[in-house]
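# Coordinates in review
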Amino acid sequence: MADISVIEVYGSSWTEFILSSQASSNTGRYCTYDHADPSVIGTNYPIRVPTAGNGWNNTDYNYSYWKTHFLKITGWGAGDTEIKNVRWCTDGSLGWGTGVTLWIAKSGNTYNWGLPSSQYSQATGIEKTTGNPFWSTVGGKEGHPYYRDVANCSSNATTYDSNNYFWVMSGASNKITGNGYSWGVVTQVQVGTDATHGLKDPETFTWVYDII
Amino acid sequence: MRYIEPTPILEGEDALRFIKELVKTNEKITSKTIEEVREKVFSIKFSVIM
């Protein structure tokens, strides 16, 4: 059996936190702090529910810090030679109440919407208030360098479900044949004025891949 | 896979042998596909604090 996990990466360079593997399972948490471990985040870094015009950059919205996830491959089962068709989805809806949207970053290419691991970039924003949206080109509040200058680089993540996968990487040129990382998925929560405070119940997001 | 010479007309035992070869070949292809490609799934939970 191949040794594969889903990791969240944070920090100025690259720090890994295992969200799911054969040995462990953790519940991630969207918040306004650049960290992946929910026991460190606690309830100290909420996204502030904005009043009209007082959100990020005087809009009606505040944001979590964006999150970056990858498949990590550290071992191969006997006879396994490659991983391909890496894809991601939600269950089609979000149960975090009114005014809450999950955005996913895309690079604009139909079959390669993920983030090359070499393009990882630390999330930015104001702790305990708001993250900068990954698509932002506002000076001093810039978003993700890999995505922010791409037209239509964001989609509502719940449009991707098991009938309409978000293709992280696909095709012969993007197969994985050794230890390392898949391309990544960048997501971010948006909170509007009608959202309600509190720690919300977990939602499930799914990674799927083919191993050959 | 053994190469089968094209035969314009097959009758009786020849036809039966040809069909058996064809079935055997298809079985091999099907079992190989199932064995070699396996779909794997990771489900991960996320909450949000606001």
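Structure's up top.
The following paragraphs examine the structure supplied in this document. (Residues numbered from 1 in each chain as written. Chains lettered and ligands numbered in written order. Predicted model: local features only at pLDDT ≥ 70, side-chain atom pairs only at ≥ 80, totals over all residues.)

## Points about the overall build of chain B
- Broken down by element type, chain B carries 1 helix and 1 strand.
- Among the 50 residues that make up chain B, the fraction classed as buried is 10%. (Helix = DSSP H or I, 4+ residues; strand = E, 2+ residues; numbered from the N terminus. Buried ≥ 20, exposed ≤ 12 C-beta atoms within 10 Å, placed from the backbone.)

## Some remarks on the overall build of chain A
- For chain A, the count of helices and strands is 1 helix and 13 strands.
- The helix and strand sequence of chain A, counted from the amino end, reads β-β-β-α-β-β-β-β-β-β-β-β-β-β.
- Against the globule reference of 17 Å for 212 residues, chain A gives a C-alpha radius of gyration of 17 Å, in line with a compact fold.
- Along the longest, intermediate and shortest principal axes, the C-alpha atoms of chain A span 55 × 35 × 35 Å. (Rg over C-alpha atoms; globule rule 2.2 N^0.38 Å.)

## Considering the interface of chain B and chain A
- Contacts between the two partners involve 15 residues from chain B and, on the opposite side, 33 residues from chain A.
- Per-element tally for the side of chain B that touches chain A: the top contributor is strand β1 (residues 38–48) of chain B, with 11 residues.
- Class assignment for the residues of the side of chain B that touches chain A results in 8 nonpolar, 2 polar and 5 charged.
- Sheet analysis places strand β13 (residues 203–211) of chain A next to β1(B), joined by 9 bridges and oriented antiparallel. Paired with T204(A) across the bridge in β1(B) is K45(B). (Contact = placed C-beta atoms within 7 Å. Nonpolar A, V, L, I, M, F, W, Y, C, P; charged D, E, K, R; others polar. Pairing = 2+ DSSP bridges.)

## Some details on the pairing of strand β2 (residues 15–20) of chain A
Residue and element names in this part refer to chain A.
- Two elements, strand β1 (residues 3–10) and β2, share 5 bridges in a ladder whose sense is antiparallel. Within β2, the position partnered with I7 by the bridge is I18.
- Here β1 hands over to β2 after 4 residues, with G11 in that stretch at a positive phi of 95°.

Worth remembering: the numbers are spatial, not functional.
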